[in-house]
Amino acid sequence: MNLTLRIWRQKSKGASGQFASYPISDVSPDSSFLEMLDLLNEELMNKGEEPIAFDHDCREGICGMCSMVINGVAHGQDREPVKQVTVCQLHMRRFKDGETITIEPWRAQAFPVLRDLIVDRTSFDHIIQAGGFISVGTGSAPDANSLPIPKSKADYSMDAAACIGCGACVAACPNASAMLFTSAKIAHLNALPQGQTERYQRVVNMVTVMDHEMFGNCTNIGECAAVCPKEISLDFIANLNRDMMVASFQGVTPTVSLNGANK
Amino acid sequence: MVGALTLYRSTIGRKIIMALTGLVGVGFTVGHMYGNLKAFSFIGGPEYFNEYAEGLRELGAPIFGHGHLLWIVRLVLLACIVLHVWAAVTLYQDSSQARNVRYAQQKTLQATLASLYMRVGGLLLFIFIIYHMAHLTWGIPGIHPNFTYGEAYNNLVYGLSSYFYLPAIFYLIAMVALGFHIYHGAWSVFQTLGLNNRTYTQPLRALSLTLAIVIAGGFAMIPLAVIFGILQPA
Ligand code: FES
């Protein structure tokens with residue numbers, strides 16, 4: 001396959017960036033999108049040019065590092081059949097020979113671009129730090145099955161826990177909202193008995209940090225769930241809304257310190 | 001319960017305020033639309049319509065005095081509009097800041113037009129509400145050609161057919177916007193209040209679609225009937 005790549009190049013955080021075009025030839029349709037970029041980088045390095053910086057790690061769709069908007073879609077999977085994947089799982093046979101492919105980093109105030117296609121997702125860490133934990137007595141391991149959990153609850157929690165924190169939801173949202181991510185991180189704990197102790201405090205703290213990190217707000221458009229490689233559903237957002245409402249009525253106030261956060 | 005007063009602080013809280021005030025709006029439009037239909041002769045006709053318009057002032061009698069409950073309703077509606085718009089504007093500001101650099105190319109996979117144009121539609125509806133009151137509530141000269149206090153039916157027909165039917169056309173455009181707003185908004189109420197999930201989402205979408213068609217369609221019948229000469233001055 002012969003392609004033209006239009007890629008966002010940016011030297012460093014805060015620097016101004018621009019698109020640069022790179023022709024690339026003899027790409028195997030069986031290669032993955034990242035392998036195609038590796039090929040381009042090799043060519044660039046041979047020519048003595050700066051390679052394109054992009055995040056990646058596992059290359060099997062479980063770490064959530066790879067992150068790019070391809071032809072206007074986060075993770076680039078926009079053609080039938082739409083089974084969402086991460087960029088590293090995207091195959092080049094998805095594209096047409098001779099196509100021009102536009103590649104951009106995630107765009108959000110809370111995800112500043114560090115270089116080319118790499119963005120800083122520390123804001124997600126701040127949200128998790130604010131409440132993505134449970135308090136348990138450490139020491140000897142508890143007996144297995146000492147805490148009965150209905151299968152449906154366990155499944156629900158697992159569905160939420162599937163989130164790999166890649167940030168595609170924020171990238172795809174017209175409001176750059178982190179509601180899908182935050183709701184998944186809250187739901188997988190709030191659904192289980194172990195998560196009940198801090199349930200409402202967790203919601204208020206994590207939402208406070210989410211707002212503070214300058215993510216946008218949810219207008220129920222649903223693009224987040226549509227691009228999510230882990231199929232996190234809007235149900236979790238509805239649950240977050242409900243928990244937040246209950247927490248507010250109970251008068252729970254944030255106890256989280258906002259020092260480390262972005263603003 | 002006082003905790004509810006802290007809702008305004010978080011984005012989710014402001015959305016909940018938006019949902020609750022929007023729900024009041026949906027309830028109001030249903031009632032308003034139903035009342036309007038009395039203008040048609042197969043339901044009521046001119047006299048019945050005028051009586052209804054005047055009778056609104058006796059709402060809640062005998063507990064409420066002349067015009068009292070009507071004013072309470074007006075104030076509640078005004079408060080809802082103020083809160084709804086305030087929430088929308090502040091949330092919009094947050095969101096446009098959140099996406100500070102735009103994509104060179106952006107494609108949606110499943111978003112409905114209604115969901116993407118909530119704010120534009122909302123702005124249009126806001127302008128429409130002000131115009132509508134100037135037109136048929138206050139009857140400001142120049143906006144309404146010959147407004148007579150108490151002649152609700154004639155005011156309606158003359159008002160819509162004046163100026164080459166432009167008001168009627170504007171009403172129709174606004175009702176399309178209303179339909180879109182309710183289609184996404186009514187479903188969003190359930191999502192925002194946490195009453196939606198994958199089992200209910202399709203029925204709730206269907207409910208919103210029905211509400212949108214019935215409300216916007218019911219309202220649109222009036223300007224359409226004026227344009228096609230079905231409603232004539234009495
Ligand atoms: S590189 Fe790990 S998910 Fe793509």
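Every chain begins its residue count from 1, and numbering advances along the sequence as written. Written order decides the labels, with chains lettered from A and ligands numbered from 1. Totals for whole chains, interfaces and linings use every residue, but because this is a predicted model, local features are given only for residues with pLDDT of at least 70 and side-chain atom pairs only at 80 or more, for both listing and counting. Only heavy atoms go into the side-chain values, all of them from the structure, while hydrogens and water stay out.

## Points about helix 1 (residues 33-46) of chain A
The α-helix advances 3.6 residues per turn, and as a result positions three or four apart in sequence lie on the same side. Residues and elements named next belong to chain A. Cut-off, in case you're wondering: Starting at the N terminus, helices and strands are each numbered in turn, a helix being any DSSP run of H or I of at least four residues and a strand any DSSP run of E of at least two. Expected helix span is computed as 1.5 Å times (number of residues minus one). Buried residues are those whose accessible area, probed at 1.4 Å on protein chains only, stays under 20% of the maximum for their type, while exposed residues exceed 50% and partly exposed ones sit between those limits. The arc refers to the directions leading from the helix axis to the C-beta atoms. Contacts are assigned to residue pairs that have any heavy atoms within 4.5 Å of one another.
Counted at 1.5 Å a residue, the expected span for helix 1 with its 14 residues is 20 Å, and the 20 Å between its end C-alpha atoms agrees. Those residues of helix 1 that fall on the buried side of the exposure criterion are Phe 33, Leu 34, Met 36, Leu 37, Leu 40, Asn 41 and Leu 44. Angularly, the buried residues of helix 1 cover 150° about the axis, an arc narrow enough to put them on a single face. Elements that come into contact with the buried residues of helix 1 comprise strand 1 (3-9), strand 2 (18-24), strand 3 (69-70) and strand 5 (100-104). Positioned one or two residues after helix 1, Gly 48 has a phi angle of 80°, which is positive.

## Some thoughts on unusual backbone geometry
In this structure, Pro 62 of chain B follows Ala 61 of chain B across a cis peptide bond, with omega equal to 5°. Structurally, Pro 62 of chain B can be placed in the loop between helix 2 (46-55) and helix 3 (68-98). Of note, Met 214 of chain A is a non-glycine position whose phi angle comes to about 65°, a positive value. Assignment of secondary structure puts Met 214 of chain A in the loop between helix 6 (199-212) and helix 7 (223-227). Of the residues examined, Met 214 of chain A reaches a relative accessible area of 17% and is grouped as buried. At Glu 231 of chain A, a residue that is not glycine, the phi angle is positive and equals roughly 55°.

## Observations regarding the pairing of strand 5 of chain A
Remark: a regular strand shows side chains that alternate across the two faces of the sheet. All names here are of chain A. Our working rule: Being paired, for any two strands, means DSSP has found at least two bridges between them.
Burial of strand 5 is extensive: four of the five residues sit out of reach of the surface. In this structure, strand 1 lies alongside strand 5, joined through four bridges in parallel fashion. Within strand 5, the residue paired with Leu 5 across the bridge is Ile 101.

## Things to note about the sheet that holds strand 4 (residues 73-74) of chain A
Note on sheets: strands pair through backbone hydrogen bonds, and any given pair is parallel or antiparallel. Residue and element names in this part refer to chain A. Spelled out, the test is: Orientation is described by axes fitted as lines to C-alpha atoms, over the contacting stretch for helices, and by angles from 0 to 180 degrees between their N-to-C directions.
A sheet is described by the order of its strands in space; here five strands give the open sequence 2-1-5-3-4, paired in mixed fashion. Each of the sheet's edge strands pairs with one partner strand only, and the pair in question is strand 2 and strand 4. Here helix 1 sits on the sheet in contact with strand 1, strand 2, strand 3 and strand 5, set at roughly 90° to strand 2.

## A word on the state of the cysteines
Residues and elements named next belong to chain A. This is how the line gets drawn: In what follows, a disulfide is any cysteine sulfur pair within 2.5 Å.
Overall, the coordinates contain zero disulfides over all chains when judged by the stated rule. Lacking any disulfide linkage, Cys 173 is separated from the closest cysteine sulfur, that of Cys 224, by 6.5 Å. Judged by relative accessible area, which is 10%, Cys 173 ranks as buried. Free cysteine: Cys 228, not disulfide-bonded; nearest cysteine sulfur from Cys 166 at 6.3 Å.

## Some words on the side chain of Asn 196 of chain B
Operational definition: Think of a polar contact as two N or O atoms within 3.5 Å of one another; within protein, one of them needs to be a possible hydrogen donor and the other a possible acceptor, and neighboring residues in sequence only count if both atoms come from side chains.
Its location among the elements puts Asn 196 of chain B in the loop between helix 7 (166-192) and helix 8 (201-227). Note on Asn 196 of chain B: relative accessible area 5%, which makes it buried. Within the structure, the side chain of Asn 196 of chain B is placed 3.5 Å from the backbone nitrogen of Thr 201 of chain B, a separation counted as a polar contact. Apart from the residues lying within four places of it in its own chain, the contact partners of Asn 196 of chain B are Ala 238 of chain A together with Trp 187, Phe 190, Gln 191, Thr 201 and Leu 204 of chain B.

## A closer look at the interface of chain A and chain B
Which entries qualify depends on this criterion: When two components associate, each loses some accessible surface as probed by a 1.4 Å sphere; the sum of these losses over both components is called the buried area. Every case where a carboxyl oxygen of Asp or Glu lies within 4 Å of a side-chain nitrogen of Lys or Arg is listed as a salt bridge.
Tallying the contact residues gives 54 residues for chain A and 43 residues for chain B. Interface area, chain A with chain B, both sides summed: about 4,000 Å², of which 51% is carbon and sulfur. Counting across the interface, chain A meets chain B through one salt bridge. For Arg 198 of chain B, the salt bridge goes to Asp 235 of chain A, with nearest N and O atoms at 2.9 Å. One can count 29 residue pairs in polar contact (both at pLDDT 80 or more) joining chain A with chain B. When contributions to the side of chain A that touches chain B are tallied by element, the ones reaching two or more residues are strand 5, helix 4 (168-172), helix 6, helix 7 and helix 8 (235-249) of chain A. When residues in the side of chain A that touches chain B are grouped by element, the largest group, ten residues, is from helix 8 of chain A.

## Let's talk about the pattern of salt bridges
Evaluation of the coordinates by the stated rule reveals twelve salt bridges over all chains. Linking Asp 243 of chain A and Arg 199 of chain A is a salt bridge whose minimum nitrogen-to-oxygen distance equals 2.9 Å. Note that Asp 243 of chain A is positioned in helix 8 and Arg 199 of chain A in helix 6, a separation of 44 residues in sequence. Residue class for Asp 243 of chain A comes out buried when judged on its relative accessible area of 7%. Note that Arg 57 of chain B and Glu 54 of chain B form a salt bridge whose closest N and O atoms lie 3.2 Å from each other.

## Topic: the domain arrangement of chain A
All names here are of chain A. Convention followed: The start and end points of each domain follow an automatic or database-based domain assignment. As a working rule, the residues Ala, Val, Leu, Ile, Met, Phe, Trp, Tyr, Cys and Pro are called nonpolar, Asp, Glu, Lys and Arg charged, and the rest polar, with Gly in that last group.
On domain assignment, one finds that chain A holds domain 1 (3-107) and domain 2 (121-250). Across the contact, 18 residues belong to domain 1 and 15 residues belong to domain 2. Where domain 1 abuts domain 2, roughly 1,100 Å² becomes buried across the two surfaces, and 54% of that area is made up of carbon and sulfur atoms. Ranking the residues of domain 1 by area buried against domain 2 places Gly 64, Gln 84 and Trp 106 at the top, with a combined share of 40%. Its salt-bridge partner being Asp 55, residue Arg 121 comes within 3.2 Å of it at the nearest N-O pair. Across the domain 1-domain 2 interface, the total number found is six residue pairs in polar contact (both at pLDDT 80 or more). When the residues that make up the side of domain 1 that touches domain 2 are grouped by side-chain class, the tally is nine nonpolar, six polar and three charged.

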